[in-house]
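Chain and residue survey
Each chain, letter by letter, is given below.
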Amino acid sequence: MKHLRFVHLLYCIALIFAASACKVGKPYQPPELGLPKEFRGDTITYSADTIIFGHISWRDFFKDPQLLSLIDSGLANNYDMRTALKNIEIANRNLRQNRLEYLPSFDANIATVNRQYRSKDFYAGPSSKWYAQDGPEAPDKLFNYQSQFASGVEFSWELDIWGRIANQKDQLKAEFLDSYEAKNAIQTVLVADIAKGYFNLIMLDAQIEVAKRNLTLNDSTLRMIQLQFEAGEITALAIQQTESQRLLAASLIPEIEKEIAIQENSLRVLIGQMPEAVGRNNKIDSLMNTEIGITLGAPLEIVRNRPDIKRAEYALISANAQMNVQQIMRYPQLSLNGVFGVNSMLPKNWFNIPGALLGGIVGNLTGPVFRNGRLKNQYEVARLERDKAELELQRSVMEAVSEVSNAVVTVEKQVEQLKLGRKRVENSQLAVRNASLLFKGGYATYLEVITAQSNALDSELSLVDIGARQLQAYVDLYRSLGGGWQ
């Protein structure tokens, strides 16, 4: 008889292991992304000593010590970054807890005292005691009661025969990796925003210098016209026109000073500090490392390097695992339940061992029969959510490739605009000098002098703006290729 029970036990164990190999659901397969072979507008010549632009560390890409210090402070103090680190810790704890799902759960029944009342016709055992109800409304009838005292440990163990816990682990792992890539995505944007804000400050410093030089030039022109007015060579209208031009140039200075203060405050907020002035270097040529041989790489590289695309893929992995979980919920579930402890009908025998020992194991195989279509609907919704996540991944990849192509074109065209802007400044400065000489010789009017100075101011301010936008275009290209989180 014992041999037969042992054989039955072996059969049950073999059945459990065989069922555990029958995993339900579809494993994750990366979708087709339809990537092009190269980015539109990519004219960089590849060589063996070049490095992919998006793989360069931000410490190697930027050279300015002040900018590097600001980025360090931002990564340490920015509130979005700190929140992202907390999200990583939360996801990591959930993932570690899931690993314990394969083990049985235990509960301690510290003490249970149960008393049941029965009629006199029910035999309850030797622990029964009799009593009579009293009172005007009590029937003339005797009752007895039975007591039971128990303590022990109960356990429950779900056997993951269809892979529900394994799929939940895949889902939680994807969520953990998603939280990590979310931090990287925030860092990528933060590094780019700090750099562009710093470059904008340098541009504003250059613009205010241009405005001050132009104001000095207007002062000189006004004094010259006042002398000619005193000599009776021109009318008061010339003085009024020149004074208006001077006031226009002077009004630019407080406007730019306001923009500088606002930009400094914005930078301080990005790095998690209270508003105050920001120290900076005014040498544009020393801001970025332009000596590194770079290449854009293939479009496949952004799939491997951009945190937002990685997040979209992890969302697809999580949705695929959730779809499998919902499918498994429609299958029977196998679990083991058991108890081990002491049980007695009399308090004095509560812990009388071995007489009071109690133990048992129960196996349960339960499955849904009719749930009003909820389980099927939940599975179909999860399958549609998985399809949505795949479409979102494909959309993210397409937009990323387009973003890189736009950044490449912007960088190239900014170079052309910078060359034209420098020629315009040279031409306008020459026009100012010639207009002043001709005005002194009586061959040009004061209006031509004012027009030349106005054109010179506009061209110099425009050149400074183009230079800053070129730096920002390089930063946008770096970020679009996934640079900034390394």
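From a predicted model like this one, the values you see are computed outputs, not experimental measurements.

Looking now at the overall build of the chain. Looking only at helices and strands, the chain features 10 helices and seven strands. A buried classification covers 38% of the 486 residues belonging to the chain. Relative to all contacts within the chain whose residues are 6 or more apart in sequence, the contacts with residues 24 or more apart total 83%. Accessible surface for the chain amounts to roughly 28,300 Å². Of this, 56% is attributable to carbon and sulfur atoms.

A word on the packing of aromatic side chains. The tally for this structure, following the rule as stated, stands at eight aromatic pairs. Summarising the aromatic geometry, the rings of Phe53 and Phe61 are spaced 5.3 Å apart at their centres and angled 70° between planes, so their arrangement reads as edge-to-face. Centroid distance Phe61 to Tyr478: 4.4 Å. Interplanar angle 25°. Geometry classified as stacked. Here Tyr478 lies in helix α10 (residues 446-480) and Phe61 lies in helix α2 (residues 58-61), a separation of 417 residues in the sequence. Pair check on accessibility: Phe61 and Tyr478 agree, each one buried.

Time to look at the nonpolar core. One finds Phe62, Leu67, Ile194, Phe199, Ile302, Leu477 and Leu481 to be the most contacted residues of the largest nonpolar core, which totals 60 residues. For this core, the secondary structure elements donating two or more residues are α2, α3 (65-77), α5 (164-230), α6 (236-270), α7 (300-305), α8 (307-328), α9 (374-440) and α10. Residue contributions to this core peak at 15 residues, all from α5. Each residue touching Phe199, except ones within four places of it in the same chain, is listed here: Phe62, Leu67, Leu287, Met288, Ala468, Leu471, Gln472 and Val475. Grouped together as the second largest cluster of nonpolar side chains are 14 residues, Ala238, Ile239, Ile450 and Ala456 included.

Within the UniProt annotation, "coiled-coil region" (unreviewed entry) is assigned to residues 372-401. The annotated region residues 372-401 carries 93% helix and 0% strand content, and the separation between its end C-alpha atoms amounts to 46 Å.

If you walk through the whole model with that rule in mind, you get 24 salt bridges. The shortest N-O distance in the salt bridge between Arg93 and Glu89 comes to 3.8 Å. Residue Arg93 and its partner Glu89 are located together in helix α4 (residues 79-98), separated by four residues, close to a single helical turn. Between Arg479 and Glu403 there is a salt bridge, and its shortest N-O distance comes to 2.3 Å. Linking Arg479 in helix α10 with Glu403 in helix α9, this pair joins segments that are 76 residues apart in sequence. For Arg479, a relative accessible area of 22% corresponds to the partly exposed category.

Conventions we followed
- Residue indices follow the written sequence of each chain, beginning from 1 at its first position.
- The predicted origin of the model limits local features to residues at a pLDDT of at least 70 and limits the giving and counting of side-chain atom pairs to 80 or more, whereas totals for whole chains, interfaces and linings rest on all residues.
- As a rule here, side-chain values come from all non-hydrogen atoms in the structure, and water together with hydrogens is ignored.
- Each helix is a run of DSSP H or I of at least 4 residues and each strand a run of E of at least 2, with the numbering of both proceeding from the N terminus.
- The cut-offs for exposure are 20% and 50% of the maximum accessible area for each residue type, with area from a 1.4 Å probe on protein chains only; residues under the lower value are buried, those over the upper are exposed, and the others partly exposed.
- Should any heavy atoms of two residues lie within 4.5 Å, those residues are considered in contact.
- Every accessible area reported is derived by Shrake-Rupley at a probe size of 1.4 Å, with residue values counting cover from the shown protein chains alone.
- A pair of Phe, Tyr and Trp rings is counted when the ring centres sit within 6.5 Å of each other, with Trp represented by its six-membered ring. The angle between the planes then sorts it: under 30 degrees is stacked, over 60 is edge-to-face, the rest tilted.
- What we call a nonpolar core is a set of buried Ala, Val, Leu, Ile, Met, Phe, Trp, Tyr and Cys residues that are connected through their side-chain atoms within 4.5 Å.
- UniProt positions are given in the numbering used here, feature names are shortened, and annotations may be inferred rather than shown by experiment.
- We define a salt bridge as a contact between a side-chain nitrogen of Lys or Arg and a carboxyl oxygen of Asp or Glu at a distance within 4 Å.

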